[in-house]
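Examining the three-dimensional arrangement
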Amino acid sequence: MPIELRGFDDLQDDMVNMAAALDQGPGVNRALEAGAAPIEEQMLHNASTDPKIITGDLHGSIHTGKVTSRRGGKQITIGVHYKERGAFYANPVEFGHGGPAPAPAHPFVRPAFDTRADEAYSEIKRVLREELTK
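Now for a quick tour of the structure. Predicted model, so just to flag it, every value in this text is computed and none were measured.

The rules behind the values
Residues numbered from 1 in each chain as written. Predicted model: local features only at pLDDT ≥ 70, side-chain atom pairs only at ≥ 80, totals over all residues. Heavy atoms only, no water. Helix = DSSP H or I, 4+ residues; strand = E, 2+ residues; numbered from the N terminus. Buried < 20%, exposed > 50% of the residue type's maximum accessible area, 1.4 Å probe, protein only. Polar contact = N/O pair within 3.5 Å; in protein donor to acceptor, adjacent residues only side chain to side chain. Axes fitted to C-alpha atoms, helices over the stretch in contact; angles between N-to-C directions. Parallel < 35°, antiparallel > 145°, perpendicular 65-115°, else oblique. Left-handed = near helix turned anticlockwise from the far one by under 90°. Nonpolar A, V, L, I, M, F, W, Y, C, P; charged D, E, K, R; others polar. Patch = residues over 30% accessible without salt bridge, like charges linked within 9 Å, V, L, I, M, F, W, Y side chains within 5 Å. Areas by Shrake-Rupley, 256 points an atom, 1.4 Å probe, with all protein chains shown as cover. Salt bridge = Lys/Arg side-chain N within 4 Å of Asp/Glu carboxyl O. Lys, Arg positive; Asp, Glu negative; His and termini not counted. Charge placed at Lys NZ, Arg CZ, Asp CG, Glu CD. Contact = heavy atoms within 4.5 Å. Expected span 1.5 Å × (residues − 1).

1. Quick notes on the side chain of Ser-61
Note that Ser-61 resides in the loop between α3 (57-60) and β1 (62-64). Of the residues examined, Ser-61 reaches a relative accessible area of 0% and is grouped as buried. Of note is the side chain of Ser-61, whose polar atom sits 2.9 Å from the backbone oxygen of Leu-58.

What follows is the structure, encoded as structure tokens:
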């Protein structure tokens with residue numbers, strides 16, 4: 001029994017149009033910002049859980065950057081931004097250092113991503129679904 005399928009060209013056109021609409025509007029930016037929030041929150045928690053140190057320079061230099069276009073896509077940065085005051089010592093904290101007074105590593109960036117990546121992806125998907133249903 002022969003089967004005839006129609007409408008695949010229309011479906012493909014609709015998908016291309018939806019992707020273009022998301023890219024032109026604020027939807028992708030909102031999705032990236034929503035996905036960055038749980039990772040930034042965990043990173044701040046990992047940087048210091050001591051209430052006396054939470055106001056320190058390292059804690060103050062951790063934040064989410066703006067969404068930027070890059071290589072045909074968009075990206076957002078989360079973490080230590082080196083233009084901030086006190087951010088110069090983030091790498092020695094994350095990876096440890098040698099020298100006259102060696103210090104062990106106290107990672108706060110990668111564990112934050114590992115811990116909250118699933119939640120970040122869920123937030124991105126949620127916002128994109130909202131944008132597609134508009």
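2. Things to note about the packing of helix α2 (residues 27-47) against helix α5 (residues 110-133)
Between α2 and α5, the least distance of the axes is 8 Å, while the angle of their chain directions is 155°. It follows from the interaxial angle that α2 and α5 lie roughly antiparallel. Pair α2 / α5 crosses with right-handed handedness. Across the contact of α2 with α5, the residue classes break down as 12 nonpolar, five polar and seven charged.

3. A closer look at a negative patch on the surface
Taken together, the side chains of Asp-9, Asp-10, Asp-13 and Asp-14 make up a negatively charged region of the molecular surface. Looking at the secondary structure, you find Asp-14 in helix α1 (residues 8-24).

4. Here's the deal with the side chain of Gln-42
Take Gln-42: it is sitting in helix α2. Those residues in contact with Gln-42 that sit more than four places away from it in its chain are Ala-112, Thr-115 and Arg-116.

5. Focus on α5
Here α5 is 24 residues long and its end C-alpha atoms lie 34 Å apart, about the 34 Å a rise of 1.5 Å per residue gives. Residues of α5 that are buried include every one of Ala-112, Arg-116, Ala-117, Ala-120, Val-127 and Glu-131, and no others.

6. Description of the pattern of salt bridges
For the coordinates displayed, the defined rule picks out seven salt bridges. Between Glu-130 and Arg-126 there is a salt bridge, and its shortest N-O distance comes to 2.6 Å. Of the two residues, Glu-130 and Arg-126 both sit in helix α5, four residues apart, roughly one turn of that helix. Taking the relative accessible area as the measure of exposure, Glu-130 reaches 33% and is therefore partly exposed.

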